[in-house]
Every structure is written in C-alpha cells, then in structure tokens.
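For reference, the chains in residue letters:
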Amino acid sequence: MLGACNTSADGVTFEVGTGTDASGSASTATNTSTTDEAPGSTTASTTAGSASSSTGTTGDAPSRLCEAIDVSLVLDRQAPIYGIERRRTVARFLDRIAEETRARVRVFPNAGAPQPPPWDCTLDADGPADGSTFVWGEDGELRSNARPRLDCVYDGVRNFPSEGDADGDLMFTGLLFPFLQHDDWPTPERTVSVNVMLAAVDDDESNMYARPGLASEAFTRLAADGDRDRALSLTVGQDADELHTFALALHPAALHTEWDHDDFDASFEEFGDAVIEACATADEPDVPQPPGGCEHIDILFVVDGSLSMAQEQEALRGINGPPVFADFTDALAVELDTLEDIHIGVVSSEPGDTRLHTHLNQPAFEPSAETDCGLVQPWIVAPSDDLEAQFACVAATAASSTLETTSRNAGETLTSRDNAGFLRDDSVVFVVMLTDEDTLGLGATRVQEHELLLSAVGGDRSRLVVLAIAGDPGIFEAPKTTCDGAYGLAAPGRRLGSVVATFGERGITSDICAGDLAQSFDDALEDLVQACVSFVPEG
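Residues numbered from 1 in each chain as written. Predicted model: local features only at pLDDT ≥ 70, side-chain atom pairs only at ≥ 80, totals over all residues. Heavy atoms only, no water.

## Digging into the pattern of salt bridges
Argument step 1. Enumeration according to the criterion identifies 30 salt bridges in this entry.
Argument step 2. Residues Arg408 and Glu412 are paired through a salt bridge, measuring 3.2 Å at the closest nitrogen-oxygen approach. With Arg408 and Glu412 both in helix 12 (residues 406–415) and 4 residues apart, the pair spans about one turn of that helix.
Argument step 3. A single salt-bridge network, built from bridges that share partners, covers Arg64, Glu67, Asp70, Arg104, Arg106, Glu138, Asp139, Arg143 and Glu189. (Salt bridge = Lys/Arg side-chain N within 4 Å of Asp/Glu carboxyl O. Helix = DSSP H or I, 4+ residues; strand = E, 2+ residues; numbered from the N terminus.)

Right, dumping it as structure tokens:
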C-alpha cells in the first residue's frame, strides 16, 4: 500500500507503508478460478447495433467514434496476470472498446523489456511494426482470432527468459521502445493511444532513462502527437510510485491501481469508460469556459539556498539586472482586469524549512533587526511600492544542509497551519521552484507530494500552476546529464520534473542552464493567466 500523507497542526507528516514483495503479491492476487468459458474462444461477438462488417459496409450502421485506438499492452512476466478471470477482464475491456467505439482497435503486446518475447503464434503478418501487432476488432466486430492471440501473448510473456536485462520488469522501456524502433507505429490514422501496464511491483529500472516524467512526456509525444487528450493509461502494480506518477502525467482520466486494492475488474470498467469518452471527444473543439476570473493569486517560491545558487538568486532578486519578478507581476496586472492582489511567500529547499520567510538569508541565519525585510505579515502583498525591495530581501535564502526536498517543501508549506492566511480558498496558486539540484523524497513518494500539493487547492487541479526552474533532464531517448550554463553547473531535475509532470499541462519545467529567468516566467504566464481567467468562484 502506498504511504499516506497526513495534515496535522504541526504540518504534514508522511507514513510510508510496508509493501508486499513481488512473489507474495503474485501468490495472493492470482485467480485460479475455473469456468465453462474458454479464454481462447474463437466466436466473434458484435453489439446489437453493429450492422457493418470489417470491410465497412454502410447501411444504417453507426459511425465510428474515432478512427483508431492503439493499445500498448505491457505485461510483467512476474505479475499475477495468468489466471482465467484476469485474462478475461483484459479481453472484455478490449471487446468493449472495439464494439462501442467501432474504431479499429489494434494491440501491440510486449513484456517489460526492450524487445518482445518470441511469440509461438503469428500476429498480423501484414500489419504495422513488422507484424508485431494484431487487430482486436473493427467496425464493431471482433476478430475471431483475437482472444487466442492474447492467450499466446500471455504464454510468451510467462516464458520470457530472465537472463541479463530482459528480466520482465522494465515497464517504461517495454512501452516506449516499440515507438522508437518502428516508424509505422503508431500508424498515420488519427489515433487515441492507450497503454495498459501490468507490473508485479513497479518499474524496476535504475538508469537515467527510466523516469516517470520522461516516460510520460515520451508517450504523449510519440504515441499521441503531443495531445494529452489522446494519451490514456491504466497501470497496475504494488507500491508502484513510478507507475502511478507516470499515469498522473497523462490524460486526467488515466488510472492506477495496486494489486492489494483488489479492484482489478472495476479499474478496467472505469478505464473503458474513459477510453470510449476520449474516442468520442477526440476531435471535438474545446468547450468555451464560462465567464469567470480570479481576484487573488497566491505565489509560493521554493528557492534553493545552497552556495552554488548565488548567481541564480541574484538574477531572481534583480540584483545587478532587471527586476524579473516585479516585471512578471506587472504583466499579470495588465493581462488580468479582475485581479485585486497577489500574496508572495518564500521558503528554501532545506528539509523542514516550511515556515514562510520574513528575513534575509533564512533558514541558516537567525532573524535579526539587520536582516528584517519589513513585511507586515510573513508574506508580501502586491501591488505594492515596496515589492521590488521586499522581494529582493526575502528571496535570498541560505541553507545549512546539503539535502534538498524542494517539491516536498512546497506541499508542506502550503498545507501547514504555521502559514495560515497566506493561501486563500478563492485564489489561483502558482508554485515556483528554483534549484540547481534534484529533489529528494526522504520518505515521501512522488505521488504523495503530488497529492499534498493538490490538497492545498482542495483537489481542484485547475487552480494550480507549477513551475520548476531546474537542470533539464532531457527526453526519454536522449536524457541529459550535468549542464553548465550562464549560472554555472546544474544537475538534471529528474525526480522534480516527474512531480511537476503529474500536473499535466499546468506543470511546466524550464531549463536553469538557459540562464534566462525572464523567459522562464514568460513560459508560465499564459498558463497562469488561463487558470485565472477560467476560475469561477463558488456561489
């Protein structure tokens, strides 16, 4: 079970649960039920309203909801997936989306490994990806050989060799390598791309490629042409923080479930609803937002206070350069005629530093009269004639620890009672994290940090915009290492980028090595303005 996060009077504490090991999960979750229905039935079934055949006869047959649905099915050989009931659940999910959408539903099966196992059956030899795929159904009719092929896939995965790296648990690699290795997958048709990843535990890769943020970006880009509305995921694992993080970064209806939650069937039913809806609405224009507009924006900065951050902090504070942040707030005022005021608070990335700063160089130095930033309360209120000077003072942070929990500090600060009054119930919230190092969890998972930030805005993802200015981790197929930019060296923010990615289009990453903080804020301006314009206050 994933650890839980709890809010208390002293802030937020994380309780990390103890997980079940892979063999135990498989043993307790495998269903060995026997029934009269053969899992490899060769009988084709159709819905009552399906009048056309796979050749596309017209008549009164309903039209397709979308052209094609491509399903990437990644199976971990150690996962509890071989019982008849669970096989049938997957097959029924594919039946349903083929029948109800009438799209061409194609399946690309793989194990958690770079290369697929050698199947003991022939898939669609004339299909895309050198015959590595097969059609499940089209025009509402199911292929009679679909279920036998799926059974063949299960057998191939179960017998997959475990030598070397091909140990059946490289889930992100198993998902993404087919897109990188085959120019004709996905096919040119306008497609809804779906992935189903059934892992024994979690993705078990430890290299620079296998990060949920990089993997989710790659799947959206490679499989759905950058359109999150066409990129859906259902992941199942145990204590599977990386798989869960990956799913959160895709379509809002993407799902993750854990084996010990025992909701395998229900998850596929819910996921089927989401896929059918995505297929039906894939080409619909965006629905205009009702008139609204926020009156308040609350901005939290988490500023790395390590010695290597001197140049970055000076640029942020406007020392010997333009007042970057003051210019940004001016731009907000120009764009938003409903905006009344902005709250601005600052903490550092040092573990436990979650009380908003009021003095220069906190938390390493105790507040004194000489370091007082002149704030009336533990945050700045803009517009103000003192904004530039107060921000230049409070944004100078100094850390006494070399450990950094940047994204965790953001969530704990926004949910701590120590900062009551800073965050308002009717505000749009902008979180800015500036660092040249990656973030640590120190007991908190990525998903817990996501949920903590989301809880700060009452679970309303539309109220939150998150910007990380950090070392660029690159992309899945070309990850980056340490960069040397205008402000000096920076390590790639791989974990931090994964947390930010869980907020979808409202999660933005900017490369600190580009050395242009003004551009970083410009990149986020449109998203923050849109969040404010579309905000409709309760009542």
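Okay, back to it.
## Digging into the layout of surface pockets
Argument step 1. Approximately 470 Å³ is the volume attributed to the second largest pocket.
Argument step 2. Forming the boundary of the second largest pocket are 22 residues, of which Gly213, Glu217, Arg228, Ala501 and Thr509 lie nearest the centre.
Argument step 3. Of all the elements in the fold, those that place two or more residues in the lining of the second largest pocket are helix 6 (212–224), strand 17 (474–475), helix 14 (494–501) and strand 21 (507–511).
Argument step 4. It is helix 6 that provides the largest number of residues to the lining of the second largest pocket, a total of 6 residues.
Argument step 5. Class assignment of the residues belonging to the lining of the second largest pocket gives a composition of 7 nonpolar, 9 polar and 6 charged. (1 Å grid on protein atoms, 1.4 Å probe; cavity = no way out; pocket = protein on both sides within 12 Å on 5 of 7 lines; lining within 4 Å. Points joined across faces, edges and corners; volume = space filled by probe spheres on them. Nonpolar A, V, L, I, M, F, W, Y, C, P; charged D, E, K, R; others polar.)

## Section: the nonpolar core
Argument step 1. Ranked by internal contacts, the top residues of the largest apolar core, which has 50 residues, are Ile69, Ile97, Trp136, Val192, Leu198 and Phe271.
Argument step 2. Breaking this core down by element, the ones donating at least two residues are strand 3 (68–75), helix 2 (84–101), strand 4 (104–111), strand 5 (134–138), helix 4 (146–158), strand 7 (191–198), strand 8 (231–237) and helix 8 (264–281).
Argument step 3. When residues in this core are grouped by element, the largest group, 8 residues, is from helix 8.
Argument step 4. Apart from residues lying up to four places away in sequence, Ile97 is in contact with Ile69, Val71, Arg102, Val105, Gly272, Val275 and Ile276. (Core = buried A, V, L, I, M, F, W, Y, C linked by side-chain atoms within 4.5 Å. Buried < 20%, exposed > 50% of the residue type's maximum accessible area, 1.4 Å probe, protein only. Contact = heavy atoms within 4.5 Å.)

## A short note on the sheet that holds strand 5
Argument step 1. Spatially, the 7 strands line up as an open sheet ordered 6-5-4-3-7-8-9, and their pairing is mixed. With one partner strand each, in any of the chains shown, strand 6 (141–142) and strand 9 (255–258) form the two edges of the open sheet.
Argument step 2. Here strand 8 runs beside strand 9; their pairing, made up of 4 bridges, is parallel. Paired with Gly237 across the bridge in strand 9 is Glu258.
Argument step 3. Against the sheet, helix 4 contacts strand 3, strand 4 and strand 5, and its axis sits at roughly 150° relative to strand 5.
Argument step 4. The strands that helix 6 touches are strand 7 and strand 8; relative to strand 7, the one it contacts most, it runs at about 140°. (Pairing = 2+ DSSP bridges. Axes fitted to C-alpha atoms, helices over the stretch in contact; angles between N-to-C directions.)

## A short note on the confidence of the model for the protein chain
Argument step 1. For the protein chain, per-residue confidence averages 87 on the pLDDT scale, and residues scoring 70 or more make up 86% of the total.
Argument step 2. Throughout residues 1–13 the model reports pLDDT below 50, and contacts reaching past four residues in sequence, or to other chains, amount to 36 contacts.
Argument step 3. Note on residues 15–58: pLDDT under 50 across the span, and 79 contacts to partners over four residues away in sequence or across chains. (pLDDT = per-residue confidence, 0-100.)

## Let's talk about the environment of Phe268
Argument step 1. Within the fold, Phe268 resides in helix 8.
Argument step 2. The exposure class assigned to Phe268 is buried, which follows from its relative accessible area of 3%.
Argument step 3. Remark: the alpha-carbon pair of Phe268 and Leu255, spanning 13 residues in sequence, is separated by 9.1 Å.
Argument step 4. Contact partners of Phe268, with chain neighbours within four places excluded, come to Thr89, Val90, Phe93, Val196, Leu198 and Leu234.

## Things to note about the pairing of strand 3
Argument step 1. Of all 8 residues that make up strand 3, 8 are buried, and the element is covered over most of its length.
Argument step 2. Of the two faces of strand 3, the one holding Ala68, Asp70, Ser72 and Val74 and the one holding Ile69, Val71, Leu73 and Leu75 are both buried throughout.
Argument step 3. Judged from the 8 bridges that link them, strand 3 and strand 4 form a sheet pairing that is parallel. Bridging from a neighbouring strand, Leu73 pairs with Pro109 of strand 4.
Argument step 4. Considered for its hand, the β-α-β crossover made up of strand 3, helix 2 and strand 4 is right-handed.
Argument step 5. Relative to strand 7, strand 3 runs parallel, the two being bridged by 8 bridges. Note on strand 7: the bridge partner recorded for Leu73 is Val196. (Right-handed = clockwise from strand over helix to strand, strands pointing away.)

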